[in-house]
Amino acid sequence: MTNFAYAATRRKNPAARLAMGLLAGTMLAGVPTMAFAQEEAAEAAAPAVQQDIVQTIAVSGAQRLEPQTILSYIKLRPGDAWSQAAGDGVLKDLYATELFSTVSVVNNDGNVVITIVENPVINRIILEGNKRLKNDKILPEIKLSPRQIFTRSKVRADVARIVELYKRQGRFAATVEPKMVELSQNRVDIVFEISEGPKSKVRQINIIGNEAFSDGKLRGEMVTKQARLTSFLSSNTSYDPDRLAFDQQKLRQFYLTEGYADFRVVSAVAELTPDKRDFIITYVVEEGERYKFADVTVDSQIRDFDDDAMAARLPMRAGDWYDAKLVEDTVEQLTELAGTFGYAFAEVQPEFQRNAEDLTMEVNFVLREAPRVYVERIDVNGNTLTQDKVVRREFRLAEGDAFNSLSVARSAARINSLGYFQENFEINQVEGSAPDRIVLEANVEEQATGELQLSAGFSSIENFILAGSIRQRNFRGRGQTIGLSLNYSRYSKSAQVSFSEPYVFDRNISAGVDIYRRDLNSFNFRNQERNTTYEQSTTGFSVRAGVPLTEYLSAIGSYTFNYDDVSLGDQFFTNGECDITRASRFLCEAIGERSSSILGLTFNYNTLNSRLRPSRGETISWTTEFAGLGGSEKYVRMRTRMAKYWPLGSGFVFSLAGEGGWIRGLEDSNRPGVDDVRLTDRFFLGEPQMRGFDIRGIGPRIVRLNYIPDPDNSNGPRILTPLEEALASKQRFDDAVGGKAYYLGRAELEIPLGSGAREMGIRPSIWVDVGSLFSIVQPLLVNQPNGRQATLGDQLLFIGPLFNEDGTPRLRPDGTPITGQTLDPTAPDGTPNEPLIPESSFYREVFVGDSASPRISAGIGVNWNSPFGPFRIDISQVIKKQPGDDTKTFSFNVGTQF
């Protein structure tokens, strides 16, 4: 060992030979000196070791790549010394490019030859067996794509990625097998054969350690639910690791609100069953002791607040069960209170003092000292179309004003209500250039404010129905609204142009104008066929102007002028006069031309957090209209509407809404059976105001029923039984005559769905509607031959129709007209009368529906912001109605935005 070290050292460093020789001589005493000399001579005679120098580098096997390109990937160059390490470096450099499947390097006396086999090019990616996840969900998530170089590492990574995507869908049994199909020109197709497997459900949730609350109560607090037959529509029965962590927080939050301040989740384990179909989740919890509040105090370092006065207004009291959520809410309320006094950066910190002996918790809310803050600057960012002033004029604060958190919240609500920007817009508060300065940032994201609504349908009554409207709620980015709507069907046509300016000449005064034309053909049914009763054409305009009275109260004045023309078809006239035996009395009274000059005044109170999709606040409006300042119509009409919204937490929103109206004519008709308010000025109720009922489906109406012939009665038809009347109702005239008073109420609960549904804008709800339309003078029918007038409620038989289709009177067998004749079974002398006309010509008219008794309907509805625009669908069930009401189960509306 010593001799080897010596020789090696001597060869490496000749200068050290002398020292080593002396050392060796000392250590090897007695060794002949001749041996050392012989070794040195032998070493000098040995030939020197020659290292190979790289002369050339060649590439073999290249197809798509140029040899010079391949050589640029390696560090070895001609003139370098060749070694095994150099050859290994070539292999490492080329494999790192992932362009080659095999590489070999051979050195032939300095001539290095690199032989390569290029990786194939991917022709296309094929997915097979994927039904739950479509191609557009998988392909963007994987690395491989057509025209890329194939590598096995990328295939393995893509397989793992696809499996992970299915795990996120709750399909833990999913498997992916990659296959390669070789093609010409060194191309391949990559096929991923996917076996999706069943969705892994949560079979059981076990909870260990809970004593105060049952397993069922705690499971109810969790988002994850157990898979049961009753939960087949729920998406929360699949396993999700993120949801598992969230459920632990939900459990902790629940226990902390119930006073268990020491509660903790010891462990949460999710076990996959061997068949990979189900999960069993087990929670181990430690409840701890239950605490009550002790003394709750406030320590304010801000001089504007009185500690005792603030403590007296706190929501918790000594002796109440401890509630961590209540403490958090109190911190938020105290922070907002400080903000209303200008302390934007006030810090509220609760300090806890726990007493384990009597299980009480003392809480002291400390308001840290903070400077009063002023608004240094208001920045509006992100608005590319909307002008700055449209956003700035909604701020309830100006630059230089003292900060007020309530004013900031109100400003955010007003900007939200514009509907020009993203939902849940918030104003960011940023520290200014000094501790007492703050910058308010309105970082907006503009959204579509144009609305294009197009609908088309077909009805056996109306034939084709076409409707369209276009509206821009932020015209030219100035906050103006301009719109045009057109509706066309066989029985109704309308057109309207509108414009409104919320800030006239940049002052807080709103103005608007509407110009319209509406043509309506009213109708009834006979023998299941629709017959036009009257035609109404209305041409008019309306102008309005509004001013704010307070932050939440505004007044709007309006003027409307309408010109109405109501006419009947020739079939309702006899000798040039409206015949009340053919057209009901109210129709004859409605015909003619008239004008209405209407002054209106509306008061609006609105505290809603959003005008488009409110979830908090209330709105109340009162409108009074007076017709008589010119024109032929004179009346007073009043309407009121109100609504209130409550957020219930977890996305639930409950709302109550109500409205009512009343109209009184200022000129008495002085005719029995004639109302002082014309038909065209009355209220009508039905779809869309009240769901579950058809258009004008509620309220007073006249129903004309045909009698069913009675072969057993030689004197003519008899009064119908209830069953026969129900059958005869299919062949009835049905005319809504409106009312002078109505009321309507609605209760609705908006139900939140999962995050995916929320992103799609789907918002289902359940609702109940209550309402009625009533108060009208009961019209009279034809005079009877016996000299008395028969009301519509009489059960007497009337002859009708009394005229032929060409307008000539119908005749008795003896040739005399039968106008006004009633069918009396017996003659004055007691002998039976003979039938005068065919039995099918007899009818009975009744007046129904004039009742303040409520109509009630309930149902479910869905609002959907679809790609085609806002979509609303309602399925209704009528719970209570009155005779004559027309019901409707299904209704929907659709539009689009741009």
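Remember, predicted model here, so these are calculated numbers, not experimental data.

J.: Account for the pattern of salt bridges, naming residues and giving values.
T.: All chains considered together, the criterion is met by 39 salt bridges. Between aspartate 262 and arginine 354 there is a salt bridge; the shortest N-O distance is 2.1 Å. Of this pair, aspartate 262 sits in the loop between helix H9 (241-257) and strand S8 (264-272) while arginine 354 sits in strand S11 (residues 348-355); the two residues are 92 residues apart in sequence, bridging distant segments of the chain. Judged by relative accessible area, which is 26%, aspartate 262 ranks as partly exposed. Residue class for arginine 354 comes out partly exposed when judged on its relative accessible area of 42%. Aspartate 304 is paired through a salt bridge with arginine 372; the nearest N and O atoms lie 2.7 Å apart. One end of the pair, aspartate 304, is in the loop between strand S10 (292-300) and helix H10 (307-312); the other, arginine 372, is in the loop between strand S12 (360-367) and strand S13 (374-381), and 68 residues separate them in sequence. Here aspartate 304 falls in the partly exposed class, since its relative accessible area comes to 34%. Within this structure, Glu394, Arg396, Arg410, Arg414 and Glu551 form a network of salt bridges that share partners.

J.: Tell me what's going on with helix H5 (residues 84-96), and back it up with residues and numbers.
T.: Compared with an ideal rise of 1.5 Å per residue, which puts 13 residues at 18 Å, H5 spans 19 Å between its outermost C-alpha atoms and is within 8% of the ideal. Listing the buried residues of H5 in full gives Ala86, Gly87, Val90, Asp93 and Leu94. One side of H5 carries all its buried residues, which in axial view fall inside an arc of 125 degrees. Of the exposed residues in H5, the ones pointing more than 90 degrees away from its buried face are Gln84, Ala85, Lys92 and Ala96. Contacts from the buried residues of H5 go to helix H4 (67-71), strand S2 (100-108) and strand S3 (111-118).

J.: Go over a positive patch on the surface with me, naming the residues and quoting the values.
T.: A cluster of basic residues, Lys131, Arg132, Lys134 and Lys199, forms a positive patch at the surface. The class for arginine 132 is exposed, based on a relative accessible area of 60%.

J.: Can you break down the packing of aromatic side chains residue by residue, with the values?
T.: Per the stated rule, a full pass over the model turns up 20 aromatic pairs. Considering the side-chain rings of tyrosine 420 and phenylalanine 421, the 6.1 Å spacing of their centres and the 75 degrees angle between planes classify their relative orientation as edge-to-face. With relative accessibility at 4%, the residue tyrosine 420 sits in the buried group. Grouped by ring-pair contacts, the aromatic residues Phe213, Phe254, Tyr255, Tyr260 and Phe263 constitute a single cluster. The ring of tyrosine 291 has arginine 354 sitting right over it, with the charged end atom 5.5 Å from the ring centre. The lysine or arginine in question, arginine 518, covers the ring of tyrosine 516, its NZ or CZ lying 4.2 Å from the ring centre.

J.: Which residues make up the sheet that holds S13, and what values do they have?
T.: Across the sheet, 3 strands lie side by side as S13-S15-S14; this open sheet has mixed pairing. At either end of the open sheet lies a strand with only one pairing partner, and these are S13 and strand S14 (428-431). The mean inter-strand angle of the sheet, taken between neighbouring strand axes irrespective of direction, is 25 degrees. As judged from the 4 bridges shared by S14 and strand S15 (residues 437-443), these two strands associate in the antiparallel manner. Counted as the bridge partner of glutamate 431 is isoleucine 438 from S15.

J.: Can you explain unusual backbone geometry? Please cite residues and give values.
T.: A cis amide bond, omega 10 degrees, links glutamate 687 with the succeeding residue proline 688. One non-glycine residue, phenylalanine 505, lies in positive phi territory at about 50 degrees. Relative to the assigned elements, phenylalanine 505 resides in the loop between strand S19 (492-501) and strand S20 (510-526). Among the residues examined, phenylalanine 505 registers a relative accessible area of 75% and is labelled exposed.

J.: If you had to explain the pairing of strand S6 (residues 187-195) to someone new, which residues and values would you point to?
T.: Where strand S4 (residues 121-128) meets S6, 7 bridges bridge the pair, whose relative direction is parallel. In the strand pairing of S6, isoleucine 122 is matched with valine 188. Across 9 bridges, the pairing between strand S5 (residues 175-183) and S6 is antiparallel. The partner of valine 181 across the bridge, within S6, is aspartate 189.

J.: If you had to explain the nonpolar core to someone new, which residues and values would you point to?
T.: With 26 residues, the main nonpolar core has Tyr322 and Phe365 as its most contacted residues. Those elements giving two or more residues to this core turn out to be S10, H10, helix H11 (324-340) and S12. Top element by residues in this core is H11. It accounts for 5 residues. Among the nonpolar cores identified, the runner-up in size contains 22 residues, and Ala344, Ile378, Val380 and Phe421 belong to it.

J.: Could you give an account of a nonpolar patch on the surface, with specific residues and numbers?
T.: A contiguous nonpolar surface patch, about 570 Å² in accessible area, is contributed by Ile470, Leu484, Leu486, Val497, Ile515, Phe541 and Val543. Elements with a contribution of two residues or more to the nonpolar patch: strand S18 (480-488) and strand S21 (529-548). For valine 497, the position within the fold is in strand S19. On the basis of relative accessibility, which here comes to 45%, the residue valine 497 falls in the partly exposed class.

J.: So what's going on with helix H7 (residues 152-168)? Residues and values would help.
T.: Taking 1.5 Å as the rise per residue, H7 with 17 residues should run 24 Å; its terminal C-alpha atoms sit 25 Å apart, in good agreement. Residues of H7 that are buried: Val155, Asp158, Val159, Ile162, Val163, Leu165 and Tyr166. Projection of H7 onto a plane perpendicular to its axis shows the buried side chains occupying an angular sector of 155 degrees, all on one side. Those residues of H7 that are exposed and angled more than 90 degrees off the buried face are Arg156 and Arg168. Among the structural elements, helix H6 (135-138), S5 and S6 are those in contact with the buried residues of H7.

J.: Got a sec to walk through the side chain of arginine 219? Specific residues and values, please.
T.: Note that arginine 219 resides in helix H8 (residues 215-221). A polar contact of 3.0 Å, which involves the side chain of arginine 219, links it to the backbone oxygen of isoleucine 205. Setting aside residues up to four positions removed in sequence, arginine 219 forms contacts with Gln204, Ile205, Ile207, Thr224, Lys225 and Gln226.

J.: Lay out the sheet that holds S10 in plain terms, naming residues and giving numbers.
T.: Spatial ordering of the open sheet is given by S10-S12-S11, a layout of 3 strands whose pairing is mixed. At either end of the open sheet lies a strand with only one pairing partner, and these are S10 and S11. The average angle at which neighbouring strand axes cross in this sheet is 15 degrees, direction not considered. Note that S10 and S12 share 7 bridges and pair parallel. Bridge pairing in S12 links lysine 292 to threonine 360. Contacts from H11 reach S10, S11 and S12, with the element oriented near 150 degrees to S11.

J.: I'd like a description of the confidence of the model for the protein chain, backed by residues and values.
T.: Residues with a pLDDT of 70 or more make up 77% of the protein chain, whose mean pLDDT is 80. Considering only residues more than four positions removed or in separate chains, one finds that residues 818-823, a stretch of pLDDT under 50, has 23 contacts. This model gives residues 833-841 a pLDDT under 50, and the stretch forms 23 contacts once residues within four places in sequence are excluded.

J.: Now, about the side chain of serine 542: what can you tell me, with residues and values included?
T.: Mapped onto the fold, serine 542 is located in strand S21. Side chain to side chain, serine 542 and threonine 560 meet in a polar contact 3.2 Å long.

The rules behind each value
Residues numbered from 1 in each chain as written. Predicted model: local features only at pLDDT ≥ 70, side-chain atom pairs only at ≥ 80, totals over all residues. Heavy atoms only, no water. Salt bridge = Lys/Arg side-chain N within 4 Å of Asp/Glu carboxyl O. Helix = DSSP H or I, 4+ residues; strand = E, 2+ residues; numbered from the N terminus. Buried < 20%, exposed > 50% of the residue type's maximum accessible area, 1.4 Å probe, protein only. Expected span 1.5 Å × (residues − 1). Arc of directions from axis to C-beta. Contact = heavy atoms within 4.5 Å. Patch = residues over 30% accessible without salt bridge, like charges linked within 9 Å, V, L, I, M, F, W, Y side chains within 5 Å. Areas by Shrake-Rupley, 256 points an atom, 1.4 Å probe, with all protein chains shown as cover. Lys, Arg positive; Asp, Glu negative; His and termini not counted. Charge placed at Lys NZ, Arg CZ, Asp CG, Glu CD. Phe/Tyr/Trp six-rings, centres within 6.5 Å; stacked < 30°, edge-to-face > 60°. Lys NZ or Arg CZ within 6 Å of the ring centre and 35° of its normal. Pairing = 2+ DSSP bridges. Axes fitted to C-alpha atoms, helices over the stretch in contact; angles between N-to-C directions. Core = buried A, V, L, I, M, F, W, Y, C linked by side-chain atoms within 4.5 Å. Polar contact = N/O pair within 3.5 Å; in protein donor to acceptor, adjacent residues only side chain to side chain. pLDDT = per-residue confidence, 0-100.

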